Amino acid sequence: SGTGNKLAICFHGFGTYANTFDWIAHHVPDHTFIAFDLPFHGLTQWNEQEISADELIRVMDLCPDVTGREFALVGFSMGGRISLSILEKIPSRISRLILLAPDGLHLNRWYWFATQTRAGNRVFHHVMHKPEKFVKLVRKAGNFHLVNKGVLKFIDRYMDDENMRVQVYKVWTAFRSFRPNLQKIISLVKQRNIPVTMIYGKFDNIIPFS
């Protein structure tokens, strides 16, 4: 989107698409915005179980408008974690970083257990394919205010749809190697004086500002 001389590359969140960012070009006329449908989203066909930051950078550089250029990174939700990982890999090419309700700034223990351990991944696979007992347990816990509203919204939005559950499993597993080293990233940002903007939703229970 757009025709500006400067370049911005955008990464969407789970369950959204590259066109999430189409509107932004109208408000930033000096930039061209390039966004990709991530694996298991939109029109992208991805035949592997996983993808690494290095692989994603190679895919990005297949685009003639991106190859070897400096660019701004814009990441929404899961795309925030992806953007952080890319900055960590190629900081010399990043002109600025914009994070919108970003994942990746805090360790989610459930996500770590589900994606970084063999036992956790087996449990995760089982829950995503046979969710009935898990959903019942979480909703009962919600009645006693033992689970926050964000988790209950996640259950209501994703767990009743088999295709959505399968997508959650595939996407979480595919991006499990994206584990940004925040101390290293902070050091790189300071060293290279990379401007960073973080935007959060005031009532966001999934990724609150903290």
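Here, every reference points to the structure presented above.
Quick look at the structure, then. Just so it is clear, the model here is predicted, and its values are computed rather than measured. (Residues numbered from 1 in each chain as written. Predicted model: local features only at pLDDT ≥ 70, side-chain atom pairs only at ≥ 80, totals over all residues. Heavy atoms only, no water.)

1. A closer look at the packing of aromatic side chains
No. 1: Evaluated as defined, the whole model comprises five aromatic pairs.
No. 2: With a centroid separation of 6.3 Å and 20° between ring planes, the pair formed by F11 and F36 is classed as stacked. In this pair, F11 sits in strand β1 (residues 6-11) while F36 sits in the loop between β2 (31-35) and α1 (53-60), placing the two residues 25 residues apart along the sequence. (Phe/Tyr/Trp six-rings, centres within 6.5 Å; stacked < 30°, edge-to-face > 60°. Helix = DSSP H or I, 4+ residues; strand = E, 2+ residues; numbered from the N terminus.)

2. Considerations on the sheet that holds strand β3 (residues 71-76)
Hydrogen bonds along the backbone pair up the strands of a sheet, which may run parallel or antiparallel.
No. 1: Reading across from one edge, β2-β1-β3-β4-β5 is the order of the five strands in this open sheet, with parallel pairing throughout. One side of each edge strand has no neighbouring strand; the edge strands of this open sheet are β2 and β5 (196-199). Neighbour-to-neighbour, the strand axes of the sheet open up by a mean angle of 20°, direction not taken into account.
No. 2: Here four bridges tie β1 to β3, and the two strands are oriented parallel to one another. When the bridges of β3 are listed, F11 appears paired with G75.
No. 3: Contacts between helix α2 (residues 78-89) and the sheet are confined to β1, β3 and β4 (94-100), with β3 contributing the most and set at about 150° to the helix. (Pairing = 2+ DSSP bridges. Axes fitted to C-alpha atoms, helices over the stretch in contact; angles between N-to-C directions. Contact = heavy atoms within 4.5 Å.)

3. Notes on the packing of α2 against helix α8 (residues 182-192)
No. 1: One way to put it is that α2 packs onto α8 with a least axis distance of 10 Å and a crossing angle of 60°. When the axes of α2 and α8 are compared, the crossing they make is left-handed. When α2 is examined against α8, the residues L84, L87 and E88 are found in contact with a partner set consisting of L182, K184, I185, L188 and V189. (Left-handed = near helix turned anticlockwise from the far one by under 90°.)

4. Brief notes about a nonpolar patch on the surface
No. 1: On the surface, a cluster of nonpolar side chains totalling about 610 Å² of accessible area is made up of L107, W110, W112, F113 and V123.
No. 2: It is helix α3 (residues 109-116) that contributes the most residues to the nonpolar patch, three residues altogether.
No. 3: Locating F113 in the fold gives a position in helix α3. (Patch = residues over 30% accessible without salt bridge, like charges linked within 9 Å, V, L, I, M, F, W, Y side chains within 5 Å. Areas by Shrake-Rupley, 256 points an atom, 1.4 Å probe, with all protein chains shown as cover. Salt bridge = Lys/Arg side-chain N within 4 Å of Asp/Glu carboxyl O.)

5. With respect to the side chain of H12
No. 1: Assignment of secondary structure puts H12 in the loop between β1 and β2.
No. 2: Take H12: its relative accessible area is 0%, and that puts it in the buried class.
No. 3: Side-chain polar atoms of H12 contact the backbone oxygen of T16, separated by 3.2 Å. (Buried < 20%, exposed > 50% of the residue type's maximum accessible area, 1.4 Å probe, protein only. Polar contact = N/O pair within 3.5 Å; in protein donor to acceptor, adjacent residues only side chain to side chain.)

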